[in-house]
Amino acid sequence: QVQLVESGGGLVQPGGSLRLSCAASGFNFSNYIMNWYRQAQGKERELVAGIAMSSEWTKYSDSAKGRFTISRDNAKNAVDLLMNSLKSEDTGVYYCNAYGMTGGLLNEYWGQGTQVTVSS
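Please read these numbers as outputs of a predicted model, since none were measured by experiment.

Participant: Would you explain the pattern of salt bridges in this entry?
Facilitator: A side chain with one charge may pair with a side chain of the opposite charge, provided their charged atoms come close. Taken as a whole and judged by the stated rule, the model has four salt bridges. Among the salt bridges present, the one from Asp90 reaches Arg67, with a minimum N-O distance of 2.7 Å. With Asp90 in the loop between β8 (78–83) and β9 (92–102) and Arg67 in the loop between β6 (58–60) and β7 (68–73), this residue pair connects regions lying 23 residues apart in the sequence. Of the residues examined, Arg67 reaches a relative accessible area of 12% and is grouped as buried. Ionic contacts of the salt-bridge type, sharing partners, join the residues Arg38, Glu46, Arg67 and Asp90 into one network.

Here is the structure:
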């Protein structure tokens, strides 16, 4: 079955760095756009970063741009999010998301989420 398994979350001090990883299985990873979403307490889930199927483009939220880097390795079915210069506002649950087509049908998959807490 389809699985998206996040790792790398935890507690980090402001200004620090953290790398989130997402391991995918059970679907054709290279045919899916991959995204990282974040949901902070009391706020709606927002797109933090996205990357095209063959890494031909990336996109970032205004808050993430310049600080976060999304990357993928299609040979390993993995997508990472490197977060630098972390702020308290980056605190939230981060979700790995896959969006694409399988057999002509649109599909969207989600991981369970991993908590990132930025605090001194």
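Once the structure has been displayed, the description carries forward.
Participant: Explain the pairing of β7 to me, please; I cannot follow it from the model alone.
Facilitator: Within a regular strand, side chains alternate between the sheet's two faces. Here β7 shows one buried face, formed by Phe68, Ile70 and Arg72, and one open face, formed by Thr69, Ser71 and Asp73. Where β7 meets β8, six bridges bridge the pair, whose relative direction is antiparallel. Following the sheet pairing, Ser71 is matched in β8 by Asp80. Here β7 hands over to β8 after four residues, with Asn77 in that stretch at a positive phi of 50°.

Participant: Any chance you could explain the sheet that holds strand β1 (residues 3–7) here in plain terms?
Facilitator: As a general point, the strands of a sheet are linked pairwise by backbone hydrogen bonds and lie either parallel or antiparallel. Pairing is antiparallel across the open sheet formed by four strands, whose spatial order is β1-β3-β8-β7. Of all strands in the sheet, those with a lone pairing partner are β1 and β7, marking the two edges. Strand-to-strand, the axes of this sheet are offset by a mean angle of 15°, without reference to chain direction.

Participant: What's the story with the state of the cysteines in this structure? I'm lost.
Facilitator: Should the sulfur atoms of two cysteines be covalently bonded, the bond is a disulfide. Summed over the entire model, instances satisfying the criterion amount to one disulfide. Disulfide partner of Cys22: Cys96, at an S-S distance of 2.1 Å. Its S-S torsion of approximately -85° makes the covalent link between Cys22 and Cys96 left-handed. In this pair, Cys22 is assigned in strand β3 (residues 18–25) and Cys96 in strand β9, connecting sequence segments 74 residues apart. For Cys96, a relative accessible area of 0% gives the class buried.

Participant: Can you walk me through the nonpolar core in this structure?
Facilitator: Generally speaking, nonpolar side chains in soluble globular proteins are found buried as a group. By size, the foremost hydrophobic cluster in this structure holds 27 residues, and its most contacted members are Leu4, Met34, Trp36, Val79, Leu81, Met83 and Tyr94. Put simply, the parts of the chain that give this core at least two residues each are β3, β4 (32–39), β5 (46–51), β7, β8, β9 and β11 (114–118). A total of four residues in this core trace back to one element, the largest contributor, which is β3. Residues within four places of Tyr94 in sequence aside, it is in contact with Glu6, Leu20, Trp36, Tyr37, Arg38, Val48, Phe68, Leu81, Met83, Gly113, Thr114 and Val116.

Quick notes on the rules
Residues numbered from 1 in each chain as written. Predicted model: local features only at pLDDT ≥ 70, side-chain atom pairs only at ≥ 80, totals over all residues. Heavy atoms only, no water. Salt bridge = Lys/Arg side-chain N within 4 Å of Asp/Glu carboxyl O. Helix = DSSP H or I, 4+ residues; strand = E, 2+ residues; numbered from the N terminus. Buried < 20%, exposed > 50% of the residue type's maximum accessible area, 1.4 Å probe, protein only. Pairing = 2+ DSSP bridges. Axes fitted to C-alpha atoms, helices over the stretch in contact; angles between N-to-C directions. Disulfide = S-S within 2.5 Å. Core = buried A, V, L, I, M, F, W, Y, C linked by side-chain atoms within 4.5 Å. Contact = heavy atoms within 4.5 Å.

Any link to function would need more than the numbers given here.
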